[in-house]
Amino acid sequence: MLVLVVDSSTPAVTAALVEVSAGGVAARAQRCTVDARAHGELLAPQVEAVLAEGDVRPGDLAAIVAGLGPGPFTGLRVGLVTAATMGQVLGVPTYGVCSLDGIGHPAAAGEPVLAATDARRREVYWAVYDGAGQRIGGPEVAVPALVAERARELAVTAAVGDGAHRYADVLGLPLRAEPRYPDATALAVLAAERIRAGAPSEVLTPLYLRRPDAVASATRKPVLP
């Protein structure tokens, strides 16, 4: 089954075409561009490019997988809206995966690992994974110092992800170089069981983890001078 994977939860805008079979998940084509200010401009052309490289028409897709975040509102919604719209138009199911899982799961190597991405405001989005790549803490958003404390409580031995690199001095953990951003193939692997089973389409609910900055005014404003 041919599956499209998209993720826009970080500065890395990712689109990939993968093949899901009984034997596993194989990447057919992938595009990833790091640009925090161009999610909307980059994602659609990248989707078109991976389909063209794989010689696949949109109607050949069996499912769409999207990274749910956590991530900033503006960027994250681009991937989720794209995935949801394509799923509705093509009549194929959509499945969501926590984007941090696409970093922590493939980085697991027998001991707990911290996955962190930049949340801006001097904070990180984070989660902790056991040696088998299963999430055992998070996802949450916090300042790096608090994340370091939580990581010690969970016996974390290494950190991975762009946020971990950015705040390495505070986290005080050995760094793993890759994946720095959510890995599209890993996201597909984590959704593969649902894809093979033909599970019902899921509502792609974003993991913002923060309240919106804009709030409704509690008082009425005068309209006359």
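Sequence order as written defines residue numbering, which begins from 1 separately in each chain. Per-residue local features of the predicted model are confined to residues with pLDDT of at least 70, and side-chain atom pairs are confined, for both listing and counting, to 80 or more; whole-chain, interface and lining totals are unaffected and use all residues. Neither water nor hydrogens contribute to the side-chain values; these are computed over all heavy atoms in the structure.

**Here we look at the overall build of the protein chain**
Helix and strand counts for the protein chain come out as seven helices and 10 strands. Over its C-alpha atoms, taken along the principal directions, the protein chain stretches across nearly 65 × 45 × 30 Å. Note on exposure labels: buried denotes an accessible area under 20% of the residue type's maximum, exposed denotes more than 50%, and partly exposed covers the range between, all computed with a 1.4 Å probe on protein chains only. Among the 225 residues that make up the protein chain, the fraction classed as buried is 47%. Of the contacts made within the protein chain by residues no fewer than 6 positions apart, 62% connect residues no fewer than 24 positions apart. Method for areas: the Shrake-Rupley scheme with a 1.4 Å probe, in which residue coverage is limited to the protein chains shown. Total accessible area computed for the protein chain in this model is approximately 11,100 Å², and 54% of it derives from carbon and sulfur atoms. Here the positive residues are Lys and Arg and the negative ones are Asp and Glu; neither His nor the chain ends is included. Where a charge lies is defined by one atom per residue type, namely NZ (Lys), CZ (Arg), CG (Asp) and CD (Glu). Charge separation in the protein chain, taken as the distance between the mean sites of 20 positive and 23 negative side-chain charges, equals 8 Å. The way it works is that DSSP assigns letters per residue, a run of H or I at least four long becomes a helix, a run of E at least two long becomes a strand, and they are numbered from the N terminus. Contact between two residues is taken to exist if any of their heavy atoms lie within 4.5 Å; hydrogens are not considered.

**A short note on the pairing of strand 2 (residues 12-21)**
Extensive coverage of strand 2 is indicated by the burial of eight of its 10 residues. Between the antiparallel neighbours strand 1 (residues 2-7) and strand 2 lie four residues. Pairing of strand 2 with strand 3 (residues 24-34) involves 10 bridges; the strand directions are antiparallel. By the bridge assignment, T14 is partnered in strand 3 with C32. Here a strand pair is declared whenever DSSP counts at least two bridges between the two strands. Connecting strand 2 to the next strand, strand 3, in antiparallel fashion are two residues.

**Some details on the pattern of salt bridges**
Should a side-chain nitrogen of Lys or Arg be within 4 Å of a carboxyl oxygen of Asp or Glu, the pair is scored as a salt bridge. Inspection of the entire model under this criterion finds nine salt bridges. The shortest N-O distance in the salt bridge between R31 and E53 comes to 2.6 Å. Pair noted here: R31 is in strand 3 and E53 is in helix 1 (residues 39-53), with a separation of 22 residues, a long-range link. The partly exposed category is assigned to E53, whose relative accessible area is 47%. Across the pair R150 and E153 runs a salt bridge, and its minimum N-O distance is 3.0 Å. With R150 and E153 both in helix 4 (residues 144-153) and three residues apart, the pair spans about one turn of that helix. One network of salt bridges, with partners in common, ties together D118, D162, R166 and R180.

**Some words on the packing of helix 1 against helix 2 (residues 73-90)**
Axis lines are fitted to C-alpha atoms, over the contacting stretch for helices. Their N-to-C directions set the angle, which ranges from 0 to 180 degrees. Their axes nearest at 9 Å, the elements helix 1 and helix 2 cross at an angle of 35°. For the element pair helix 1 and helix 2, the recorded crossing hand is right-handed. Of the residues in helix 2, those in contact with H39, G40, L43 and V47 of helix 1 are G75, V78, G79, T82 and M86. Residues that form the contact of helix 1 with helix 2 fall into these classes: four nonpolar, five polar and no charged. Two helices crossing with the near one rotated counterclockwise from the far one by less than a right angle form a left-handed crossing, whereas a clockwise rotation gives a right-handed crossing. Under this grouping Gly is polar, as are all residues other than the nonpolar Ala, Val, Leu, Ile, Met, Phe, Trp, Tyr, Cys and Pro and the charged Asp, Glu, Lys and Arg.

**A short note on the packing of aromatic side chains**
Ring pairs shown here join Phe, Tyr and Trp side chains whose ring centres sit within 6.5 Å, with only the six-membered ring taken for Trp; geometry is labelled stacked below 30 degrees between planes, edge-to-face above 60, and tilted in between. Under the counting rule described, the total for this entry stands at one aromatic pair. Between F73 and Y208, the aromatic rings sit 5.1 Å apart at their centres with planes inclined by 50°, giving tilted as the arrangement. Of the two residues, F73 sits in helix 2 while Y208 sits in the segment after helix 7 (184-197), which places them 135 residues apart along the sequence.

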